[in-house]
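So you can see what is in the structure, the chains are spelled out below.
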Amino acid sequence: MTRLFPLLFGLRTRVPRKPYVVAGLSLAALKFAVDFTLVQSFTGESWSPLGYLVPSVLLRETGHGSAPVAMYVLLAVSAMPFLWIGLSMSVRRAADAGLSPWLGVLFVVPLVNYAIIAALSLLPSKGDAAWHAQLGAASTPRDEPPPLTDGVRAALLGLLGSIGVGLAMLWLSVYGLKLYGAALFFATPFAMGTVSSAVYNRTVQRGLVATLALALVGTAMTGSIVLLFALEGVICLAMAFPIAAAISLAGALVAWAIAAGVRDTASKPVGAAFLFILPLLAFGESHVETPTLRHVTTTIEVDAPPEAIWPNVIGFSELPPPPEWFFRLGVAFPQRARIEGAGVGAVRHCEFSTGPFVEPITVWDPPHRLAFDVTSQPPSMSELSPYHRVNAPHLEGYMVSRGGEFRLVPLPGGRTRIEGTTHYTLAIYPELYWVGFAEVLLHAIHWRVLSHIRDLSEHGG
């Protein structure tokens, strides 16, 4: 273990070809076993190996079931160690093969990573490959230590570079391509961290803590600028910050290690060239990503028969103010519902705090099932911001309700189980991260409605 841990997780140990191949195959099998076990435990469904070659297959397979939020959280968390091992080993393997270590960073680029892994698995070690990796906590000057003002200048240039990359990709992805994709939430923070770290450590190997802190400051300042110019609100920036900060730190750490491990300047143009991959990733993603149809079901038991509950399902009176803090901060919440007509073709209006959902009835089976489509819906939230109104693009058209239904299942003793379901698509990626937020909110919305229906039905409302 004393030799295996530095090989897998460290940044000092060189990675020859054989350990790279053995570790890669072993970890791929382990990750499949972990993912398969999680999905099987939560949903009872199988997890196809094909999904590792075509990632959208995985999302579509799990998207048709009502998987608990915990499954997506565990899938995302369990993927982090594998991602770091693959990235750090690929960087060191590239250096061991006599290539620029920046080529190993391509491990995080979808599809391209297969070619990189294959090449690094075939290329032999180069005896004079430079991977010194003097990764001390203190500054290590390459020539003469520059004055303090040079460190301040390097930090400012690193911040400017990081912020510039973040804002440019935000503008291209969101306002140019209408895409909240993995290129924006994954590749961009990684690039921001590498840029700030590479610039800060360009002339002198500075401390790791200062390098990582600079990456975090760059990420936070980019979010502050977005908030200042009313491009996004507080809530969405707060949800995006954890993944952006974590990935930015990983990018900064890799760039810091490369700066420590490589003494020549030949790899610098290679590192700079990676910035041009970002827009290519965004353009490619905009042509291949399609939202997955998902559904979320919440159940509640009511001490009343279905016949007494049915009138409160098709329409219900004013709900009390929500106690949940996220509703009070602006997330849309249901207030009341009314229906025009009866039977298939009737139109139900479920009024939320941001406006009404228009729901034409498609199944009318009293007192057992009510199903409907959604032809119009309001914004998903009112963004919290210093400004009166924020027109963030993601508020409309990215989390879309496609329809829903209520099922009333009779239980012994005159009781009833109500199953409330929402069918929706989420066009914000990576889905495994954002779907957790989406489904927590949907369950909270369902529970608010179902508990109100229960109270009305049990007390003769």
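Residues numbered from 1 in each chain as written. Predicted model: local features only at pLDDT ≥ 70, side-chain atom pairs only at ≥ 80, totals over all residues. Heavy atoms only, no water.

To continue, consider the overall build of the chain. A tally of regular secondary structure across the chain gives 14 helices and nine strands. Counting the 461 residues in the chain, one finds 48% classified as buried. Taking contacts inside the chain between residues at least 6 apart in sequence as the whole, the part at least 24 apart equals 71%. If you sum the accessible surface of the chain, you get close to 21,200 Å²; carbon and sulfur atoms cover 69% of it. (Helix = DSSP H or I, 4+ residues; strand = E, 2+ residues; numbered from the N terminus. Buried < 20%, exposed > 50% of the residue type's maximum accessible area, 1.4 Å probe, protein only. Contact = heavy atoms within 4.5 Å. Areas by Shrake-Rupley, 256 points an atom, 1.4 Å probe, with all protein chains shown as cover.)

Moving on, we come to the side chain of S78. The topology assignment puts S78 in helix 4 (residues 69–96). S78 gets classed as buried once you look at its relative accessible area, which sits at 19%. Beyond its immediate chain neighbours, meaning those up to four positions away, S78 contacts V34, D35 and L38.

The next subject is the packing of helix 7 (residues 182–200) against helix 8 (residues 208–228). When two helices pack together, their arrangement is given by the angle between their axes and by how far apart the axes lie. At their nearest, the axes of helix 7 and helix 8 sit 9 Å apart, and the two run at 130 degrees to each other. Between helix 7 and helix 8, the angle is such that the two are oblique. Once helix 7 is placed against helix 8, the crossing between them reads as right-handed. In contact with M192, G193, S196, S197 and Y200 of helix 7, helix 8 contributes A210, T211, L214, A215, G218, T219 and T222. (Axes fitted to C-alpha atoms, helices over the stretch in contact; angles between N-to-C directions. Parallel < 35°, antiparallel > 145°, perpendicular 65-115°, else oblique. Left-handed = near helix turned anticlockwise from the far one by under 90°.)

At a closest axis distance of 10 Å, the pairing of helix 7 and helix 11 (residues 277–288) adopts a crossing angle of 170 degrees. Classified by the angle their axes make, helix 7 and helix 11 are roughly antiparallel. Listed contacts from helix 11 to A182, A183, A187, T188 and A191 of helix 7 are L278, L281, A282 and E285. Split into classes, the residues belonging to the contact of helix 7 with helix 11 amount to seven nonpolar, one polar and one charged. (Nonpolar A, V, L, I, M, F, W, Y, C, P; charged D, E, K, R; others polar.)

Across all of its chains, the model carries 15 aromatic pairs by this definition. With centroids separated by 4.9 Å and ring planes inclined at 85 degrees, the aromatic side chains of Y180 and Y398 adopt a geometry described as edge-to-face. Of this pair, Y180 sits in the loop between helix 6 (148–176) and helix 7 while Y398 sits in the loop between strand 7 (369–373) and strand 8 (399–411), and the two are 218 residues apart along the sequence. Among the residues examined, Y398 registers a relative accessible area of 10% and is labelled buried. Taken together, the ring pairs in this structure connect Y180, F185, Y398, Y433, W434 and F437 into an aromatic cluster. Positioned above the aromatic ring of Y200 is the side chain of R206, whose terminal nitrogen or guanidinium carbon lies 5.1 Å from the ring centre. (Phe/Tyr/Trp six-rings, centres within 6.5 Å; stacked < 30°, edge-to-face > 60°. Lys NZ or Arg CZ within 6 Å of the ring centre and 35° of its normal.)

Read from one edge to the other, the open sheet built from seven strands follows the order 3-9-8-7-6-5-4, with strand pairing classed as antiparallel. The open sheet has two edge strands, strand 3 (293–302) and strand 4 (334–340), and neither has a second partner. For this sheet the average axis-to-axis angle between neighbouring strands, irrespective of direction, equals 25 degrees. Bridging between strand 8 and strand 9 (residues 415–426) involves twelve bridges; their strand directions are antiparallel. (Pairing = 2+ DSSP bridges.)

Take the environment of E324 next. One can find E324 in the loop between helix 12 (306–314) and helix 13 (325–328). Each C-alpha atom of the pair E324 and R448 lies 10.0 Å from the other, and the pair is 124 residues apart in sequence.

With 97 residues, the main nonpolar core has F406 and I418 as its most contacted residues. Per-element accounting of this core gives the leading share, 13 residues, to helix 9 (residues 234–261). Once residues lying within four places of it in the same chain are set aside, the contact partners of F406 are V313, R348, H368, R369, L370, F372, I418, E419, G420, V449, L450 and I453. Membership of the second largest hydrophobic core comes to nine residues, among which are V165, M169, M192 and V195. (Core = buried A, V, L, I, M, F, W, Y, C linked by side-chain atoms within 4.5 Å.)

For helix 11, built from twelve residues, the straight-helix expectation of 16 Å at 1.5 Å per residue is met to within 8% by its first-to-last C-alpha distance of 17 Å. Among the residues of helix 11, those classed as buried are L278, A282 and E285. Looking straight down helix 11, one finds that the buried residues subtend no more than 70 degrees of arc, so they occupy a single side. Every exposed residue of helix 11 that faces more than 90 degrees away from the buried side is listed here: L280, H287 and V288. (Expected span 1.5 Å × (residues − 1). Arc of directions from axis to C-beta.)

Our focus in this paragraph is the pattern of salt bridges. Side-chain pairs of opposite charge can arise where the charged atoms are in close proximity. The full count for this structure, using the stated rule, is 15 salt bridges. Note that R336 is salt-bridged to E318, the shortest N-O span being 2.6 Å. Note that R336 is positioned in strand 4 and E318 in the loop between helix 12 and helix 13, a separation of 18 residues in sequence. A relative accessible area of 25% means that R336 is categorised as partly exposed. Take E318: its relative accessible area is 46%, and that puts it in the partly exposed class. Notably, a salt bridge pairs R348 with E359, separated by 2.7 Å at the nearest N-O pair. (Salt bridge = Lys/Arg side-chain N within 4 Å of Asp/Glu carboxyl O.)

Let us look at a nonpolar patch on the surface. Side chains of V234, W325, L329 and L384 sit close together on the surface and give an oily, nonpolar patch of about 360 Å² of accessible area. Residue L329 is classed as partly exposed on the basis of its relative accessible area of 33%. (Patch = residues over 30% accessible without salt bridge, like charges linked within 9 Å, V, L, I, M, F, W, Y side chains within 5 Å.)

Attention now moves to the pairing of strand 6 (residues 355–365). In this sheet, strand 6 lies alongside strand 5 (residues 347–352) in antiparallel orientation, the contact comprising six bridges. Bridge pairing links V347 to P360 in strand 6. Counting the residues between successive antiparallel strands, the hairpin from strand 5 to strand 6 contains two residues. Where strand 6 meets strand 7, four bridges bridge the pair, whose relative direction is antiparallel. Residue D365 lies in a different strand from strand 7, and its bridge partner there is R369. Remark: three residues form the turn of the hairpin made by strand 6 and strand 7, two consecutive strands paired antiparallel.

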